[in-house]
Amino acid sequence: MASKLDAIVVGSGPNGLAAAIVLAQAGCKVVVFEAEDTIGGGARSAPLTLPGFVHDVCSAIHPFAVASPLFRTLPLAGHGLEWIEPPIMLAHPFDGGTAASVVRSIEDTAGGLGADGRAYERLMRPVVDGWSVLEPSILGPLRWPANPLSLARFGFHALRPARGLARSVFATPRARGLFAGLAAHAMLPLENAMSGGVAVVLGALAHLVGWVLARGGSQAIVNALAAHLRALGGEIVAGHPVTSIDQLPPARAILCDISPRPLLQIAGHRFPEWYRRKLTQFRYGMGAFKVDWALDGPIPWRAPECATAGTVHLGGSLEEVAASEQDAWNGRHAERPFVLLTQPTMFDRSRAPEGKHTVWTYCHVPNGSDVDMLPRIERQIERFAPGFGERVLARSVMRPSDIERHNANLVGGDIGAGAADIWQFFTRPTRQQYSTPVPGLYICSASTPPGAGVHGMCGYFAAQRALDEVLRD
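Residues numbered from 1 in each chain as written. Predicted model: local features only at pLDDT ≥ 70, side-chain atom pairs only at ≥ 80, totals over all residues. Heavy atoms only, no water.

Caption draft 1: Inspection of the sheet that holds strand β10 (residues 251-256) at higher detail. Read from one edge to the other, the open sheet built from five strands follows the order β9-β2-β1-β10-β16, with strand pairing classed as parallel. Sheet topology places β9 (235-237) and β16 (441-443) at the edges, where each strand pairs with a single neighbour. The average undirected angle you get between the axes of adjacent strands in this sheet is 20°. In this structure, strand β1 (residues 5-10) lies alongside β10, joined through five bridges in parallel fashion. Within β10, the residue paired with Ala7 across the bridge is Ala253. (Pairing = 2+ DSSP bridges. Helix = DSSP H or I, 4+ residues; strand = E, 2+ residues; numbered from the N terminus. Axes fitted to C-alpha atoms, helices over the stretch in contact; angles between N-to-C directions.)

Caption draft 2: Main features of the sheet that holds strand β6 (residues 88-94). Within the open sheet, the seven strands sit side by side as β7-β6-β12-β13-β14-β11-β15. Their pairing is mixed. Looking along the sheet, the strands with just one partner apiece sit at the ends: β7 (98-102) and β15 (392-398). Neighbour-to-neighbour, the strand axes of the sheet open up by a mean angle of 20°, direction not taken into account. Two strands pair when backbone bridges link them, and strand β12 (residues 309-314) and strand β13 (residues 339-342) are joined in this way by four bridges, in the antiparallel orientation. The partner of Val312 across the bridge, within β13, is Leu341.

Caption draft 3: Quick look at the pairing of strand β2 (residues 30-33). Because side chains alternate across β2, one face comprises the buried residues Val30 and Val32, and the other comprises Val31 and Phe33, equally buried. Bridging between β1 and β2 involves four bridges; their strand directions are parallel. The residue bridging Val9 from the neighbouring strand is Val32, located in β2. Crossover connection from β1 via helix α1 (residues 14-25) to parallel β2: handedness right-handed. Across three bridges, β2 lies against β9 in parallel orientation. If you follow Val31 over to β9, its bridge partner there is Glu235. (Buried < 20%, exposed > 50% of the residue type's maximum accessible area, 1.4 Å probe, protein only. Right-handed = clockwise from strand over helix to strand, strands pointing away.)

Caption draft 4: A look at the environment of Leu134. Looking at the secondary structure, you find Leu134 in helix α5 (residues 131-138). Classification of Leu134 by relative accessible area gives buried; the value is 4%. Spatially, the C-alpha atom of Leu134 lies 33 Å from that of Asn330, the residues being 196 residues apart in sequence.

Caption draft 5: Inspection of the pattern of salt bridges at higher detail. Following the criterion strictly, the structure yields 25 salt bridges and no others. Where Arg383 meets Asp95, a salt bridge forms, and the shortest distance between an N and an O atom there is 2.8 Å. Here Arg383 is found in helix α15 (residues 374-384), whereas its partner Asp95 is found in the loop between β6 and β7, with 288 residues between them in sequence. In this structure Arg383 comes out as buried when scored by relative accessible area, which is 12%. According to the relative accessible area criterion, Asp95 is partly exposed, its value standing at 49%. Between Arg351 and Asp348 there is a salt bridge whose closest N-O contact spans 2.9 Å. Note on Arg351: relative accessible area 1%, which makes it buried. Because the salt bridges share partners, they merge into one network encompassing Asp56, Glu82, Arg215, Asp348 and Arg351. (Salt bridge = Lys/Arg side-chain N within 4 Å of Asp/Glu carboxyl O.)

So, to be careful, I would describe these as geometric facts and stop short of saying anything about function.
As structure tokens, this is what we get:
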């Protein structure tokens, strides 16, 4: 380990590695400590089912990684990272064998929505064309925008509940259902403010950069980040749990890629009572119930669009998706849960033996739920792909408790590291955002702005604050 450290990063997720890279680029001596034996946080891959089958343990599809203002400046391709763009970004099937879809072209997507095509383009076009102006506000902390008028136009839709926005903009069940699936990524009820903004941003990113996957698995993203950090002189120590910040070697700055509850466990004794109380009041959101499959063939979809889509949303109508998300938020378990599904081996043959396939899914459940959702998830897949069960070779099931056990930041299985409703989104985890009352101690996890997603921007902004406050000579 390097002597006379400038900075220590606790946690090797994309945000932790991003923070370390920013510091190393500024000439700091930095080391990253990771509790698990493998690095990556929410961007790991592993053989969860059978030998030769590679599954993404948490995140799988990465538009934010390609859109990241930090990542696009880094030579990650030179460290082996390769993006794969499916022909169809997203398919949303309906009963009867039809599906709505999102492709890279906004015009072609609109053309597939019939009577709602113009409405879709009117909704998405301003965000797609104005992304360079909106990006600092979408992928950064709350601050005064360079172009307030453009942000105000975006905010008019972004702050609205998705259910009301879908019903006011679209006339057909097809477009409304598609929009509902986009909005459900927010892990909020579709009646809540800001859920509409998540749908608009994710839809726009499909046209801007694509809903891509990393060849070989999401692990390739963090492996490339780690390789670049090491090239800059940074160090990574895996299999090294940090149970107290008191046990860390001396450093001018400590940046924690962890959420509030584990932060309290390792540093709470250093904080004043008022700050401990604020972190204790931080609210975690819905949990995830995740299932991975090894299959002996591709999923037998009814709708042909689903066969060439990287992501498939299983939930049918706006009303059904909205009911599923409201149930999970209110402590209930939907009989027909909204299921997010990816099928990476349709495009990346490196992840399974010849002729075999992997499937990645999850649905939302109440935080900390221990209810077995496997039968309900499989029924949803069979609903749109009869005969799916006959192709299953093996399954891996992760309940919320398993997700938290694998990654302590995801309390109760909350893969967003904190509820992102309007009351908490702009001040996560407290009004101090990346800073804490302890000089030189910072938070750089997805519990800070701009929140969840493999983009590294939480780490970027935390590192910039550390540089400004304690690390610049």
